[in-house]
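If you want the building blocks of each chain, they are given just below.
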Amino acid sequence: MVTMLIEEAALELQEMLISHLPNSFPDKELCQSLVKVELPEYVLDMGTVRKGYTERRTLMITNPGQMPVSFQVDVSALQGTGFRVNLDQIQSLPHRHTIMLEVCFESAHRSRGDVDVLLPIEVAKGPTYNIRLRATVLELSLHLSGQGLEARLEFSPPALKMGWTPQWR
């Protein structure tokens, strides 16, 4: 799909270049329009993470092209979100080489609920790839109530409900 989007943008650019006179060089903005291709987002969903726990995922980034590629991860987009990555910049990743990008989500300082952030990866002289990072923080709570010898134990979320009757002597 990414290749198809780039090919479509290249064909559009080719038509614009052909329309210029053969002796005139197209302006810089026209040449840069291929770089501005909008690519689809990738999504990395960490799922449900209990408050106080850390979830990790490893992404493989491979250079399928013929030339070395450099790119930069905009880690500033992750500030205050609970997400972090283990690298911010790669210089000249060779053809067919792969690097590992570890993404961590630390839920300790996050409130209960959904976390959603866009992580841009900017390829030098190329497009920007966006990875949407998601996680849901779950905070377990405990409520005790009882009357007489019967006690009831409830957990939140409700899917964890269970009954309990102690034997007092």
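Residue numbers here run from 1 along each chain, matching the order of that chain's written sequence. The predicted nature of this model means local features are confined to residues of pLDDT at least 70 and side-chain atom pairs, given and counted, to a pLDDT of 80 or more, with totals for whole chains, interfaces and linings taken over all residues. To get the side-chain values, take all heavy atoms of the structure and skip hydrogens and water.

For soluble globular proteins, the rule of thumb is that nonpolar side chains tend to be buried together. Judged by nonpolar contacts, the single largest core of 26 residues is most densely connected at Phe 71, Phe 83, Val 103, Phe 105 and Leu 133. Secondary structure elements are defined from DSSP: runs of H or I of at least 4 residues count as helices, runs of E of at least 2 residues count as strands, and each element is numbered from the N terminus. Going through the elements one at a time, β1 (42-50), β3 (69-73), β4 (83-85), β5 (89-93), β6 (98-106), β7 (113-123) and β8 (128-138) are the ones with two or more residues in this core. Here this core takes five residues from β7, the largest share from any one element. Non-local contacts of Phe 71, meaning those with residues more than four positions away in its chain, are made with Ile 61, Leu 87, Asp 88, Gln 89, Ile 90, Leu 93, Ile 99, Ile 121, Glu 122, Val 123 and Ala 124. To define a nonpolar core, start from buried Ala, Val, Leu, Ile, Met, Phe, Trp, Tyr and Cys residues and group those joined through side-chain atoms within 4.5 Å. The buried label goes to any residue with under 20% of its type's maximum accessible area, the exposed label to any with over 50%, and the partly exposed label to all in between, with areas taken from a 1.4 Å probe on protein chains only. By definition, residues are in contact when any of their heavy atoms lie within 4.5 Å.

What follows concerns the confidence of the model for the chain. In regions of low pLDDT, the predicted coordinates are not meant to be interpreted in detail. Of all residues in the chain, 62% attain a pLDDT of 70 or more, and the chain-wide mean is 78. Note that pLDDT drops below 50 for residues 160-166; the model gives that stretch 11 contacts with residues more than four away or on any other chain. Values of pLDDT, ranging from 0 to 100, describe the predictor's confidence in every residue of the model.

Here a pair means two rings of Phe, Tyr or Trp (six-membered ring of Trp) with centres within 6.5 Å. Their orientation is stacked below 30 degrees between planes, edge-to-face above 60, and tilted elsewhere. With the rule as written, the count across this model stands at one aromatic pair. Plain terms: the ring middles of Phe 83 and Phe 105 are 4.7 Å apart, the flat faces sit at 45 degrees to each other, and that makes the pair tilted. Of this pair, Phe 83 sits in strand β4 while Phe 105 sits in strand β6, and the two are 22 residues apart along the sequence.

This paragraph deals with the environment of Ala 77. Structurally, Ala 77 is set in the loop between β3 and β4. Here the alpha-carbon distance between Ala 77 and Leu 119, two residues 42 residues apart in the chain, equals 6.2 Å. Setting aside chain neighbours within four positions, we find Ala 77 in contact with Val 117, Leu 118 and Pro 120.

What follows deals with the sheet that holds β4. At least two bridges found by DSSP between two strands is the condition for calling them paired. Taken together, three strands build an open sheet; the order of strands is β2-β6-β4 and the sheet is antiparallel. Each end of this open sheet is capped by a strand with a single partner; those strands are β2 (54-62) and β4. Averaged over all adjacent pairs, the angle separating strand axes in this sheet is 20 degrees, with direction ignored. In this structure, β2 lies alongside β6, joined through nine bridges in antiparallel fashion. From the neighbouring strand, Thr 58 faces β6, where its bridge partner is Glu 102. Simply put, an axis is a line fit to the C-alpha atoms, just over the touching stretch for a helix, and the angle between two N-to-C directions goes from 0 to 180 degrees.

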